[in-house]
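Listed below are the residues making up each chain.
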Amino acid sequence: MIKEFFWMCSGADTDLLQESPKSEQIKYAGIGGTVFFTAVMAFVSSGYALYTVFDNVYMALLFGLIWGLLIFNLDRFIVGTIKKRDSFWKEFLQASPRLVLALIIAIVISKPLELKIFEKEIDRVLLEEKNNMTLVNQDQIALQFTPEIERVEAEIKSIQDNVTAKEIEVNDLYSTYITEAEGTQGTMKLGKGPVYEEKREKQDTQLKELQQLKENSASRIAGKEVLLSDLREKQKLQTANSQPIIDGFDGLMARINALDTLPAMPSLFILLLFIAIETAPVFAKIMAPKGAYDLKFEEQEDALKVWVTQQKNQRAAVLETDSSLNEKVYYDVSKDEEIYDYKKQKAKDLLKLQSDTFYKKQSDVLG
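The present account deals with the structure reproduced in this document.

Conventions and cut-offs
- Residue numbers run consecutively from 1 along every chain, following the written order of its sequence.
- Since the coordinates come from a predicted model, pLDDT governs what is reported: local features require at least 70, and pairs of side-chain atoms require 80 or more to be given and counted, while whole-chain, interface and lining totals use all residues.
- Heavy atoms throughout the structure, all of them, feed into the side-chain values; hydrogens and water do not.
- Counting from the N terminus, the helices are DSSP H or I runs at least four residues long and the strands are E runs at least two residues long.
- With a 1.4 Å probe rolled over the protein chains alone, any residue whose accessible area is under 20% of its type maximum counts as buried; one over 50% counts as exposed, and the rest are partly exposed.
- Bend at a residue means the angle formed by two fitted axes: the first through the 7 residues ending at that position, the second through the 7 residues beginning there.
- What goes into a patch is any residue over 30% in relative accessible area without a salt bridge, connected to like charges within 9 Å or, for nonpolar side chains (Val, Leu, Ile, Met, Phe, Trp, Tyr), within 5 Å.
- Each accessible area is a Shrake-Rupley result for a 1.4 Å probe, and residues are judged covered by the shown protein chains and nothing else.
- Every case where a carboxyl oxygen of Asp or Glu lies within 4 Å of a side-chain nitrogen of Lys or Arg is listed as a salt bridge.
- When charges are tallied, Lys and Arg are placed among the positive residues and Asp and Glu among the negative ones, while His and the ends of the chain are skipped.
- Where a charge sits is defined by one atom per residue type, namely NZ (Lys), CZ (Arg), CG (Asp) or CD (Glu).
- By arc we mean the arc of the directions from the helix axis to the C-beta atoms, nothing more.
- Only buried residues count toward a nonpolar core, which is a set of Ala, Val, Leu, Ile, Met, Phe, Trp, Tyr and Cys residues joined through side-chain atoms within 4.5 Å.
- Contacts between residues were defined by any pair of non-hydrogen atoms, one from each residue, lying within 4.5 Å.

Digging into the environment of leucine 210
Inspection of the secondary structure assignment puts leucine 210 in helix α7 (residues 194-247). Take leucine 210: its relative accessible area is 5%, and that puts it in the buried class.

Spelled out as structure tokens, the structure:
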């Protein structure tokens, strides 16, 4: 049962294989097994690749099965259409387009499996890329908000500097009238004289202005801080909203690009392995000597060609004979007087009928 299934996979004529030696049966069973397991590998490979795209097991299995069947049909067609000839180079030339197709199939099959085999290494590369993208993204978002944030912070600092300068001025006035009262500076007279009162009054005025400035500045700083907090919140929100896009940067193309950054030698060996597997049935068919099955198949084809040629020649001979007989029959009929008189009478009747019909139509038109 399994042997006959592999025969079917090889694209060979199972009836001829039943009549062939055991060595031929084993050879084509091996070719069919290679075709079948290549299709299985294609199913697994494409299923994983599509799972990374759709993230859905059932969809990946469905499309993977379709892809596996497509590869199976192509491989079976490739192997089944290669005919054994007397020259190796003629067989190789016949199989060259199929070998190119086999190479393309091998590359397509191997790439998703490479992604699975080197999954941990690819995840490490993707993690580094995601971290770099996160830092770059934060810097880019900061470029949008930093100028405005710095401007608001500068305005807050300017307001605070004005208050500080006013406080220093008020404190200086306080020191001035205190030292005036103590007689250590100014008029150098101890006691609270007119100069003291003047300086005290000026300090009181500046102190009221300072208090008013502090109230106004506090109100302005509170508004600026609200604006500053709003800008920083928007920056955090934009960073948070863009982060899931970066976290989701692990699709098929990203993984393929990450795989390309890894050492090429392991991937090359895996690719060569799949190329060997995919082209093995073709090379096995080319390199194997012409066996009993090939001779039987060639005999069957030759018999069919002979039969088709005979049928074509026979139909051509029948057509030629029939044409010759028809010419002779019609030549003899043309000499018969009875046929001549009969056709002449019918021609007269037809001309009369045409004349009568034309006359009737013209009379109806003229009224």
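Next, the rest of the story.
Describing helix α9 (residues 264-287)
Along α9, the sharpest kink reaches roughly 45°, centred on alanine 280 and followed within four residues by the proline proline 281. Residues Ser267, Ile270, Phe274, Ile275, Glu278, Thr279, Pro281, Val282, Lys285 and Ile286 constitute the buried set of α9.

A closer look at a negative patch on the surface
Side chains of Asp336, Glu337, Glu338 and Asp341 sit close together on the surface and give a patch of like negative charge. Inspection of the secondary structure puts aspartate 341 in helix α11 (residues 337-366). A relative accessible area of 46% means that aspartate 341 is categorised as partly exposed.

Focus on helix α8 (residues 252-261)
Within the span of α8, buried status applies to Ala254, Arg255, Ala258 and Leu259. Summarising the axial view, the buried residues of α8 lie within an arc of 140°, below the 170-degree limit, and thus occupy one face. Of the exposed residues in α8, the ones pointing more than 90 degrees away from its buried face are Met253 and Asp260.

So, the nonpolar core
Grouped together as the largest cluster of nonpolar side chains are 19 residues, with contacts concentrated most on Ile109, Phe118, Ile122, Leu259, Leu262 and Phe274. Of all the elements, helix α5 (residues 88-117) adds the most residues to this core, at five residues. The residues contacting leucine 259, other than those within four sequence positions of it, are Lys111, Glu114, Leu115, Phe118, Ile122 and Ser267. Within the second largest apolar cluster, 12 residues are counted, among which are Leu17, Tyr28, Ile31 and Val35.

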